[in-house]
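Working through the structure, step by step
The residues making up each chain are set out below.
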Amino acid sequence: MTEAAGALAARIRDIAGPEPVEVGMVLGSGLGHLAAAVEGVAIPYADLPGFPHAGVSGHSATLAIGRMEGRRVAIFGGREHYYERGRADAMRLPLTVLKGLGADRLILTNAAGSLVPEVPPGGLMLLADHINFSGLNPLIGEPTDARFVPMTAAHDPDLRAALRAAAAAEGIALAEGVYAWYSGPSFETPAEIRAIRRLGADAVGMSTVPEVILARFLGLKVAAISVITNMGAGLSDEAISHDHTKAMAPLGAAKLERVLRRWLREAGEAQTR
Ligand code: HPA
């Protein structure tokens, strides 16, 4: 851990208490209210130098640390995206701090466009894998051999199985598919959507992939769930906009919260620490 990450972890322990964090979560656009369910403290990112700026509406800029369903969690109310400052490694420091707080598992969430009719807006998609369509990488510039991170089974098979079981126990449909990272901030053209569909993507969004890469670099087990807010450009008549994303996210957010709470309750313990 770098000196900066170590100092931040110490500062967070001073505020939130010394008990190690078990699970980290990052909340996507319009999904921030889950952080309010944490019994503990909420630390503004502004108090944590190097943490993301409050850059994107629909994201909250706080780190909530405490208990949820009996488990010690750290919930990032928002993330910094590549498109904000052109930094693919924007979440490297926060995720390094998470690891320093003791976490071994990370659940990423996002709002995404669907490329498959079976998963319409309001649906949930567990990421089986991803395509880094942006070509960017958060580890560019990392000087050590640790940068050569294997990405086979990057989306942890055990975590995914546990999340599927949690969704089934809640009676909530959880599709599984491949997510393509598109840099944004403009949305895709219909031709781009057709192209990534042909390449094997089932969903598209502007986040998550750099964090999956960073998580594997840091040795965190990681899984990600998309809340589908719209069909990809050209696949339906609805207009695509950030306002629409924020308006639609709560449709899936309630289901997402039930899945994550059930997972924390039942399967969280099953992972080896
Ligand atoms: N494209 C990219 N990002 C998104 C979309 C989309 O259609 N919907 C929500 N986030």
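Residues numbered from 1 in each chain as written. Predicted model: local features only at pLDDT ≥ 70, side-chain atom pairs only at ≥ 80, totals over all residues. Heavy atoms only, no water.

**Digging into the overall build of the protein chain**
Of the regular secondary structure elements, the protein chain holds seven helices and nine strands. Scaling as 2.2 N^0.38, a compact globule of 273 residues should have a C-alpha radius of gyration of about 19 Å, and the protein chain matches this with 17 Å. Along the first, second and third principal axes, the C-alpha atoms of the protein chain reach 50 × 45 × 35 Å. Here the protein chain holds 273 residues, and the buried ones make up 53% of them. Residue pairs at least 24 apart in sequence account for 82% of intrachain contacts in the protein chain once pairs closer than 6 positions are excluded. Total accessible area on the protein chain is roughly 11,000 Å²; 54% of this is exposed by carbon and sulfur atoms. (Helix = DSSP H or I, 4+ residues; strand = E, 2+ residues; numbered from the N terminus. Rg over C-alpha atoms; globule rule 2.2 N^0.38 Å. Buried < 20%, exposed > 50% of the residue type's maximum accessible area, 1.4 Å probe, protein only. Contact = heavy atoms within 4.5 Å. Areas by Shrake-Rupley, 256 points an atom, 1.4 Å probe, with all protein chains shown as cover.)

**Considering the site of the ligand**
Taken together, Ala-111, Ala-112, Gly-113, Phe-187, Glu-188, Val-204, Gly-205, Met-206, Thr-229, Asn-230 and Thr-245 make up the full set of residues adjacent to the ligand. Contact distances for the ligand include 2.8 Å between a nitrogen atom and a side-chain N or O atom of Glu-188. Out of a free accessible area of 260 Å², the ligand has 96% covered by protein chains. Breaking the shell around the ligand down by element, the ones donating at least two residues are strand 5 (105-114), strand 8 (203-205) and strand 9 (221-231). When the residues that make up the shell around the ligand are grouped by side-chain class, the tally is five nonpolar, five polar and one charged. (Near = heavy atom within 4 Å. Polar contact = N/O pair within 3.5 Å; in protein donor to acceptor, adjacent residues only side chain to side chain. Nonpolar A, V, L, I, M, F, W, Y, C, P; charged D, E, K, R; others polar.)

**Some words on the side chain of Glu-188**
Structurally, the position occupied by Glu-188 is in the loop between strand 7 (174-181) and helix 5 (190-198). Within the buried core, Glu-188 has no salt-bridge partner, and the shortest N-O distance to an opposite charge, that of Arg-194, equals 12 Å. Other than its neighbours up to four places away in sequence, Glu-188 contacts Tyr-182, Ile-193, Val-204 and Ala-233. (Lys, Arg positive; Asp, Glu negative; His and termini not counted. Salt bridge = Lys/Arg side-chain N within 4 Å of Asp/Glu carboxyl O.)

**What about the pairing of strand 4 (residues 71-76)?**
In terms of residue burial, strand 4 counts as a mostly covered element, since six of its six residues are buried. Alternating positions in strand 4 separate into two faces, Arg-71, Val-73 and Ile-75 on one and Arg-72, Ala-74 and Phe-76 on the other, with burial throughout. The pairing of strand 1 (residues 23-26) with strand 4 spans four bridges and is parallel. The partner of Val-26 across the bridge, within strand 4, is Phe-76. Here six bridges tie strand 3 (residues 62-68) to strand 4, and the two strands are oriented antiparallel to one another. Among the inter-strand pairings, Gly-66 is bridged to a residue of strand 4, identified as Val-73. Here strand 3 folds back onto strand 4 in antiparallel fashion, the turn holding two residues, of which Glu-69 has a positive phi close to 50°. (Pairing = 2+ DSSP bridges.)

**Digging into the nonpolar core**
Formed by 46 residues in total, the largest nonpolar core has its most connected members in Ile-12, Leu-63 and Leu-98. Among the elements that make up this core, the one with the highest residue count is helix 6 (residues 209-218) (seven residues). Core analysis: the second largest hydrophobic core is formed by 31 residues, Val-38, Ala-64, Ile-107 and Leu-126 among them. (Core = buried A, V, L, I, M, F, W, Y, C linked by side-chain atoms within 4.5 Å.)

**Considerations on the packing of helix 1 (residues 3-16) against helix 3 (residues 92-100)**
Each packed pair of helices is defined by two parameters, the angle between the axes and the distance between the axes. Here helix 1 crosses helix 3 at 60°, and the two axes come no closer than 9 Å. Put simply, helix 1 runs oblique to helix 3. For helix 1 against helix 3, the interelement crossing comes out right-handed. Each of Ala-4, Ala-5, Leu-8, Ala-9, Ile-12 and Arg-13 in helix 1 lies in contact with helix 3, whose residues at this interface are Leu-93, Thr-96, Val-97 and Gly-100. Considered class by class, the residues forming the contact of helix 1 with helix 3 number seven nonpolar, two polar and one charged. (Axes fitted to C-alpha atoms, helices over the stretch in contact; angles between N-to-C directions. Parallel < 35°, antiparallel > 145°, perpendicular 65-115°, else oblique. Left-handed = near helix turned anticlockwise from the far one by under 90°.)

**Details of helix 4 (residues 157-170)**
Helix length check: helix 4, at 14 residues, gives a terminal C-alpha distance of 20 Å against a target of 20 Å (1.5 Å per residue), a fit within 8%. By the burial criterion, the buried members of helix 4 are Leu-159, Arg-160, Ala-162, Leu-163, Ala-166, Ala-167 and Glu-170. All buried residues of helix 4 project into a common sector of 165° when viewed along the axis, lining one side. Elements in contact with the buried residues of helix 4: strand 5, strand 6 (124-131), strand 7, strand 9 and helix 7 (242-266). With a side-chain oxygen positioned 3.2 Å from the backbone nitrogen of Asp-158, the residue opening helix 4 is Asp-156. Downstream of helix 4 by one or two residues, Gly-171 has phi in the positive range, about 70°. (Expected span 1.5 Å × (residues − 1). Arc of directions from axis to C-beta.)

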